[in-house]
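Summary of the model geometry
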Amino acid sequence: MDSQKKLQDIKVAVDAVIFGYFDKKDLQILLIKRNIDPFKGGWAIPGGLVLDNENLEEAVRRELQEESGIKPDFLEQLYTFGNVDRDPRNRVISVAYLGLVNPSYHELFADSDAEDAQWFSIHKLPKLAFDHQNIIDIALKRLRTKIQYQPIGFNLLNEEFPFSDLENLYRTIVGQEIDRRNFRKKIMSYGLLNETKNVKKEGSGRPGKLFTFNQEKYKEWEEQGFYFEIK
């Protein structure tokens, strides 16, 4: 039996799908341009091999910092990808993460094995290295599901924001129009927003009130559990 055993030679990597949102624009994905083979000069999501002395989240945060300068406000494990041929060099199993950042608070810079780092609209992505398009597709599905039971979208907004920004963000994430009146009624009924004394003027209309996210109220609802259906 021992002669039939094969040595295991599997490497473990981490990859990160980082979503960002610029005011009144599409949902964005952070990509880096690779400066090493394979796929040298091609675009990919940030990531790399896990070091022997670090855990998975330490590894993905290190890779994000080295390749783009990003420190995510929200980061959670997404899925494990392990197809035999996903990396042409050797057998690599990747643990992917989903992250959210407000790009206004982060300055991109490429380092390590990245030549460049840029934000791309989810509707205008370039051809991606490895199986990264598939990873992004799964991350987007997770995000669209998750915002219906956990208001993680607030991580993408400024500290103070008009209600129209929140509405536009959710419409952008779900990829379809929503019932504005119903959306506002539901959001306000959960007590997730604090109204400030500040206003913001947009276009020729009346200045809109600015809100902040009520972290304490959110924690209460998170413990109780709630479902926020978006239509």
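Here the structure is a predicted model, which is why all the values come from computation and not from measurement. (Residues numbered from 1 in each chain as written. Predicted model: local features only at pLDDT ≥ 70, side-chain atom pairs only at ≥ 80, totals over all residues. Heavy atoms only, no water.)

**Structural notes on the sheet that holds strand β10 (residues 208-213)**
- Spatially, the 3 strands line up as an open sheet ordered β8-β10-β9, and their pairing is antiparallel. Two strands close off the open sheet at either side, each with one partner strand: β8 (161-162) and β9 (193-200).
- Across 2 bridges, β8 lies against β10 in antiparallel orientation. Opposite P162, over in β10, you have L210 as the bridge partner. (Pairing = 2+ DSSP bridges. Helix = DSSP H or I, 4+ residues; strand = E, 2+ residues; numbered from the N terminus.)

**Re the side chain of K146**
- Relative to the elements of secondary structure, K146 occurs in helix α2 (residues 132-146).
- With near-sequence residues (within four places) excluded, K146 lies in contact with F74, E76 and I152. (Contact = heavy atoms within 4.5 Å.)

**Some points on the nonpolar core**
- One finds F19, L143 and L166 to be the most contacted residues of the largest nonpolar core, which totals 47 residues.
- At 6 residues, helix α3 (residues 163-174) tops the list of elements feeding residues into this core.
- The two domains that each donate at least three residues to this core are domain 1 (11-147) and domain 2 (154-224).
- V14, I18, V50 and V101 belong to the second largest nonpolar core, which has 14 residues in total. (Core = buried A, V, L, I, M, F, W, Y, C linked by side-chain atoms within 4.5 Å. Buried < 20%, exposed > 50% of the residue type's maximum accessible area, 1.4 Å probe, protein only. Domains from an automatic or database assignment.)

**Here we look at the pattern of salt bridges**
- Under the defined criterion, the tally for this structure stands at 14 salt bridges.
- What emerges from the salt-bridge pattern is a single network uniting E54, R62, E63 and E66. (Salt bridge = Lys/Arg side-chain N within 4 Å of Asp/Glu carboxyl O.)

**Brief notes about the domain arrangement of the protein**
- Looking at the protein, the domain boundaries give domain 1 (11-147) and domain 2 (154-224).
- Computed over C-alpha atoms only, the centres of domain 1 and domain 2 are separated by 28 Å.
- Taken together, the contact pairs 18 residues of domain 1 with 16 residues of domain 2.
- Each partner contributes to the roughly 1400 Å² buried at the junction of domain 1 and domain 2, and carbon and sulfur atoms together form 56% of this total.
- At the surface where domain 1 touches domain 2, the tally comes to 0 salt bridges.
- On inspection of domain 1 and its partner domain 2, the count reaches 6 residue pairs in polar contact (both at pLDDT 80 or more).
- Breaking the side of domain 1 that touches domain 2 down by element, the ones donating at least two residues are β1 (11-21), β6 (92-101) and α2. (Buried area = accessible area lost by both parts, 1.4 Å probe. Polar contact = N/O pair within 3.5 Å; in protein donor to acceptor, adjacent residues only side chain to side chain.)

**Structural notes on the UniProt feature "domain: Nudix hydrolase" (unreviewed entry) in the protein**
- On the UniProt side, "domain: Nudix hydrolase" (unreviewed entry) is annotated at positions that read residues 9-144 here.
- The span residues 9-144 is 19% helical and 37% strand by assignment, and the distance between its end C-alpha atoms comes to 36 Å. (UniProt positions renumbered as here; feature names shortened; annotations may be inferred.)

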